[in-house]
Structure formats: structure tokens, C-alpha cells
Amino acid sequence: MTDARRAAEQPTGLRERKKRHTRDALLHAALDLFTTQGYDATTIDEIVDAVEVSQRTFFRYFASKEEAVFSLQEMIESHFLSELRQRPAAEAPFEAMRSAVLCTWNSIGEAIEEIVTVELHMRTYRMIESTPCLLAAHLRRSFDLETEIAEVIAGREGLDMLTDPRPRVAVAAFSGVMRVTGQLWGQGRDTSMESLRTLTEDYLDQLAPALAGNWRTPVEPATATPAPSAG
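(A) A look at the overall build of the protein. Assigned secondary structure in the protein consists of 11 helices and 0 strands. Looking at the protein as a whole, 38% of its 231 residues qualify as buried. Here the contacts in the protein between residues at least 6 apart in sequence split such that 67% fall between residues at least 24 apart. Summing over all exposed atoms, the protein offers an accessible surface of approximately 14,000 Å²; the carbon and sulfur share of this is 54%.

In C-alpha cells, the structure reads:
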């Protein structure tokens with residue numbers, strides 16, 4: 001590489017790093033304020049003051065406070081979809097989703113911790129669950145994500161979702177497990193991504209037996225009491 005080319009490329013790289021640093025700082029400040037004093041009570045002015053930038057800078061990276069709240073979730077979802085699209089064609093649909101989400105939890109923790117602590121990520125999850133407007137947005141986003149996952153599964157299997165319900169049914173069951181494990185992780189004391197991965201794996205492995213198995217413990221027939229003999 002010539003000196004002229006190196007000089008031309010370095011400012012671009014520096015600008016991108018500065019942009020990334022500013023965005024990450026704004027996101028960290030926003031999530032910390034949201035989880036400390038409440039989503040509704042936090043203003044954009046407070047967020048930008050914490051980072052010492054302007055409102056204009058905030059809106060350069062986030063369209064709204066809500067977009068900032070779900071920024072990490074968006075990153076996780078994008079990573080999962082990318083993993084799912086790369087799964088081998090020979091894998092069955094549920095196996096592909098299971099492998100994709102476990103691969104996501106294996107690798108996403110480091111990316112999250114470059115921006116926020118996992119503990120702050122957990123606090124954000126709890127805040128979403130306890131804030132009505134954010135919970136409504138979360139459910140809406142979950143529905144959209146389920147549709148996108150079902151489209152990927154249908155494409156892998158060569159199915160038409162309008163006539164074949166299996167992709168949506170499989171994804172609905174998978175997503176239900178994801179919601180349960182997310183809630184349990186958010187309520188727990190172990191904030192590590194490893195604990196979330198383990199919890200996810202354990203619950204996904206219980207899905208097929210729970211749906212197909214008979215949960216009832218067989219009741220042994222009562223032993224008849226012999227009639228007393230005549231004296």
C-alpha cells in the first residue's frame with residue numbers, strides 16, 4: 001500500500017471508529033438512565049448531556065428512545081437470522097433453529113459486552129417486561145420476527161406458508177420457549193450469557209417430549225382387600 005493510499009484510508013477508519021464510539025456511548029447512557037430512573041422519566045436531553053453531545057447527534061443514530069431500547073435486541077435477532085440462514089440444508093427445521101440460537105448465544109456475548117455489561121443488558125430486559133409501552137412494542141416486534149423466521153424455514157423446506165401451516169407452528173413453539181427462557185434468565189441471579197445458553201438448551205430439549213409425551217404418572221390399581229373369612 002502506498003503512503004498516499006494509507007493516508008487516504010486512515011481518516012475514514014478513524015471516522016468510523018469515532019461514530020461507533022459515539023453510538024455505543026449514547027446507547028450505554030440511554031440504557032443506564034432508562035433502567036435507573038425509568039423509561040418514561042428519562043429525556044433525550046439527559047441522555048445527550050451524559051455523553052456531552054447534541055440532540056442532533058442522538059437522532060443521527062437512533063430515531064427514538066424506543067429504537068435505542070431495542071438496539072441490542074435487534075443485533076441479537078440479526079445474528080440469529082444470519083446463523084439460521086447458514087445452517088446445513090440437511091438439518092430439520094427445529095434442529096436448525098436450535099443450533100442457530102445456541103451458536104448465537106456462544107458468540108454474541110462478547111459483542112454485547114463491547115457496548116454494555118451483560119448485567120445492564122439483563123436490567124434492560126427486565127425494564128422492557130415491566131414497562132407497558134415497551135412490552136407492547138416487544139410483542140409487536142416478536143410477531144414480526146416470528147414471521148421472518150417462518151419465511152426462512154419455509155424457504156429452506158420449499159414450502160408455501162399460505163397453504164402449509166408447519167413453518168408458523170414450529171416457529172411459534174420455538175419462540176414460546178425463547179420467551180420463557182428469557183423471562184427466567186431475567187429473573188435469575190446469574191447474569192452470564194452462559195447461563196442463558198444453558199437455560200435455552202435445557203428448555204428446547206424439553207419441547208418435543210412435552211408436546212408428544214403423556215405427562216401423567218400411571219396410577220397403579222388399588223389392591224383389593226381380601227374379605228375376612230367366616231369364623
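(B) A look at the nonpolar core. Membership of the largest hydrophobic core comes to 56 residues, with the highest contact counts inside it found for Leu 84 and Ile 149. With residues near it in sequence (within four places) discarded, Leu 84 still touches Ala 96, Met 97, Ala 100, Ile 149, Val 152, Ile 153 and Arg 156.

(C) Focus on a nonpolar patch on the surface. Among the surface-exposed residues, Val 180, Leu 184 and Tyr 203 lie close enough to one another that they form a single nonpolar patch of about 220 Å² accessible area. Owing to a relative accessible area of 37%, Tyr 203 belongs among the partly exposed residues under this scheme.

(D) Fine view of the environment of Arg 179. When you line up the elements, Arg 179 lands in helix α9 (residues 166-187). With a relative accessible area of 32%, Arg 179 lands in the partly exposed category. With residues up to four places along the chain from it excluded, the contact list for Arg 179 reads Tyr 125, Ser 142 and Glu 146. At 2.9 Å, the side chain of Arg 179 forms a polar contact with the side chain of Glu 146.

(E) Summary view of the pattern of salt bridges. Evaluated as defined, the whole model comprises 15 salt bridges. A salt bridge links Glu 16 to Lys 19, with the nearest nitrogen and oxygen atoms 3.8 Å apart. In this pair, Glu 16 and Lys 19 are both assigned in helix α1 (residues 3-37), 3 residues apart and thus about one turn of the helix distant. A relative accessible area of 44% means that Glu 16 is categorised as partly exposed. Measuring nitrogen to oxygen at the nearest pair gives 3.8 Å for the salt bridge that ties Arg 20 to Glu 114.

(F) Representation of unusual backbone geometry. One non-glycine residue, Glu 52, adopts positive backbone phi at about 65 degrees. By the element assignment, Glu 52 lies in the loop between α2 (44-51) and α3 (55-61). A relative accessible area of 73% means that Glu 52 is categorised as exposed.

(G) Up close: a negative patch on the surface. A surface patch of negative charge is lined by Asp 45, Glu 46, Asp 49 and Glu 52. On the secondary structure map, Glu 46 appears in helix α2.

(H) Summary view of the side chain of Lys 65. Secondary-structure assignment places Lys 65 in helix α4 (residues 65-69). Although Lys 65 is buried, it forms no salt bridge, and the closest oppositely charged side chain is Asp 40 at an N-O distance of 5.3 Å. With residues up to four places along the chain from it excluded, the contact list for Lys 65 reads Phe 34, Tyr 39, Asp 40, Thr 42, Ile 44 and Phe 58.

(I) Examining the packing of aromatic side chains more closely. Scanning the entire structure with this criterion turns up 4 aromatic pairs. Pairing Phe 58 with Phe 59 gives two aromatic rings, centres 5.3 Å apart and planes at 90 degrees, and the pair type is edge-to-face. Under the relative-accessibility criterion, Phe 59 is labelled partly exposed at 40%. An aromatic cluster is built from Phe 58, Phe 59 and Phe 62, whose rings are joined through pairwise contacts. For the cation-ring pair, Lys 65 lies above Tyr 39, with the distance from its terminal atom to the ring centre recorded as 4.5 Å.

Conventions we followed
Residues numbered from 1 in each chain as written. Predicted model: local features only at pLDDT ≥ 70, side-chain atom pairs only at ≥ 80, totals over all residues. Heavy atoms only, no water. Helix = DSSP H or I, 4+ residues; strand = E, 2+ residues; numbered from the N terminus. Buried < 20%, exposed > 50% of the residue type's maximum accessible area, 1.4 Å probe, protein only. Contact = heavy atoms within 4.5 Å. Areas by Shrake-Rupley, 256 points an atom, 1.4 Å probe, with all protein chains shown as cover. Core = buried A, V, L, I, M, F, W, Y, C linked by side-chain atoms within 4.5 Å. Patch = residues over 30% accessible without salt bridge, like charges linked within 9 Å, V, L, I, M, F, W, Y side chains within 5 Å. Salt bridge = Lys/Arg side-chain N within 4 Å of Asp/Glu carboxyl O. Polar contact = N/O pair within 3.5 Å; in protein donor to acceptor, adjacent residues only side chain to side chain. Lys, Arg positive; Asp, Glu negative; His and termini not counted. Charge placed at Lys NZ, Arg CZ, Asp CG, Glu CD. Phe/Tyr/Trp six-rings, centres within 6.5 Å; stacked < 30°, edge-to-face > 60°. Lys NZ or Arg CZ within 6 Å of the ring centre and 35° of its normal.

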